[in-house]
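The chain contents come next:
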Amino acid sequence: MTPATTPFRSPHGLWLTLLGADALEAVPFEGVGWVGVDLQHGRLEVADLAGILRVSPVPVLARTASQDAAHLARVLDTGVAGVIVPGVGSGQEAAALVSAVRFPPEGRRSSGLSRSALVGGPSHPLLLPMVETRGGLEAVADIVGCDGVDGVFVGPYDLSLSLGRPSVVDEEVVAAIHHVAATARRQGVLVGAFSADRNLDGRLPGLDLLGVDTDVGAIRLGMAQLFSAS
């Protein structure tokens, strides 16, 4: 099993949903350890990754749009540091992801003249299945125990919906996040989560990766501070 180590200078990450490479060049990165690019929601596409990778001073993770093997290969061919894969609900699904993202003999990902091959990409990109459903929560031990999985990433908003709870700070949701983290720690793999809620931040367990907020959240906060002072 992969040990719980990361290449990130800080666990705190910025989640991108709309800012492309040109706008990202103007973003101050003090305190930011990584960037998460959301290909499932928002306006960003696989084609945007190369530009973001060129200008980002920190490692880039991509939340994929699906578990589709061809899509995963296209994302990894850009040279991202790893993939966060949504909606993983079983150890079998996690094993299929390992097969899709690893080169033979560990998996079945093919090689070619991709950006990753031409300009350099990680030989072992991080594979972080998302636990964001009741099924994923129930199967978390099988997911983190799957050889080739580097860790898990909790999506508290979808998890709260799946559990039928009113918010991400609901006691059942917070307890579920702690359960996922403890299970990952016992297996010796990474654990991360998305927040975007300052009330949730203080209730989270220690994490290797914390998506602090989205680019939209950062813009809203900056605008509010700017105009409340005027």
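Coordinates for the structure precede this section.
The present account deals with the structure reproduced in this document. Fair warning: this is a prediction, and the values are worked out from it, not measured in the lab. (Residues numbered from 1 in each chain as written. Predicted model: local features only at pLDDT ≥ 70, side-chain atom pairs only at ≥ 80, totals over all residues. Heavy atoms only, no water.)

## A word on the overall build of the protein chain
Alright, step 1. When helices and strands are tallied, the protein chain shows eleven helices and eight strands.
Alright, step 2. Relative to the globule expectation of 17 Å for 230 residues, the C-alpha radius of gyration of the protein chain, 17 Å, shows essentially globular dimensions.
Alright, step 3. When each of the 230 residues of the protein chain is scored for burial, the buried share is 50%.
Alright, step 4. Taking as baseline every contact in the protein chain between residues at least 6 positions apart, the subset at least 24 positions apart corresponds to 61%.
Alright, step 5. Total accessible area computed for the protein chain in this model is approximately 10300 Å², and 55% of it derives from carbon and sulfur atoms. (Helix = DSSP H or I, 4+ residues; strand = E, 2+ residues; numbered from the N terminus. Rg over C-alpha atoms; globule rule 2.2 N^0.38 Å. Buried < 20%, exposed > 50% of the residue type's maximum accessible area, 1.4 Å probe, protein only. Contact = heavy atoms within 4.5 Å. Areas by Shrake-Rupley, 256 points an atom, 1.4 Å probe, with all protein chains shown as cover.)

## Examining the sheet that holds strand 3 (residues 60–63)
Alright, step 1. Read once around its circumference, the closed barrel built from eight strands follows the order 1-2-3-4-5-6-7-8, with strand pairing classed as parallel. Strand-to-strand twist in this sheet, taken as the mean axis angle between neighbours without regard to direction, amounts to 25°.
Alright, step 2. Two elements, strand 3 and strand 4 (residues 82–85), share three bridges in a ladder whose sense is parallel. In the sheet register, Arg63 faces strand 4, and the bridge partner there is Ile84.
Alright, step 3. Of the strands in this sheet, strand 1 (12–16) and strand 8 (209–214) touch helix 11 (residues 215–228), which is tilted by about 55° from strand 8. (Pairing = 2+ DSSP bridges. Axes fitted to C-alpha atoms, helices over the stretch in contact; angles between N-to-C directions.)

## A look at the pattern of salt bridges
Alright, step 1. All chains considered together, the criterion is met by ten salt bridges.
Alright, step 2. By sharing partners, the salt bridges in this structure join Arg102, Glu106 and Asp150 into a single network. (Salt bridge = Lys/Arg side-chain N within 4 Å of Asp/Glu carboxyl O.)

## Examining a nonpolar patch on the surface
Alright, step 1. Together, Leu18, Ile219, Met223, Leu226 and Phe227 make up an exposed nonpolar region whose accessible area comes to about 490 Å².
Alright, step 2. For Met223, the location among the structural elements is in helix 11. (Patch = residues over 30% accessible without salt bridge, like charges linked within 9 Å, V, L, I, M, F, W, Y side chains within 5 Å.)

## Things to note about the packing of helix 3 (residues 69–76) against helix 4 (residues 91–101)
Alright, step 1. With their axes 9 Å apart at the nearest point, helix 3 and helix 4 run at an angle of 50° to one another. Considered as vectors, helix 3 and helix 4 are oriented oblique to each other. As for how helix 3 packs across helix 4, the hand of that crossing is right-handed. When helix 3 is examined against helix 4, the residues Ala69, Leu72 and Leu76 are found in contact with a partner set consisting of Leu97, Ala100 and Val101. (Parallel < 35°, antiparallel > 145°, perpendicular 65-115°, else oblique. Left-handed = near helix turned anticlockwise from the far one by under 90°.)

## With respect to the nonpolar core
Note on soluble globular proteins: their nonpolar side chains tend to be buried together.
Alright, step 1. Of all hydrophobic cores here, the largest spans 56 residues; its most connected members are Leu16, Val37, Val80, Val83, Leu127 and Val152.
Alright, step 2. Take this core: its biggest share by element is seven residues, from helix 9 (residues 171–187).
Alright, step 3. Ignoring sequence-local partners within four residues, the contact set of Val80 consists of Leu49, Leu53, Val60, Ala62, Val75, Pro122 and Pro125.
Alright, step 4. If you look at the next biggest cluster of nonpolar residues, it comprises 13 residues, including Ile84, Leu126, Met130 and Leu209. (Core = buried A, V, L, I, M, F, W, Y, C linked by side-chain atoms within 4.5 Å.)

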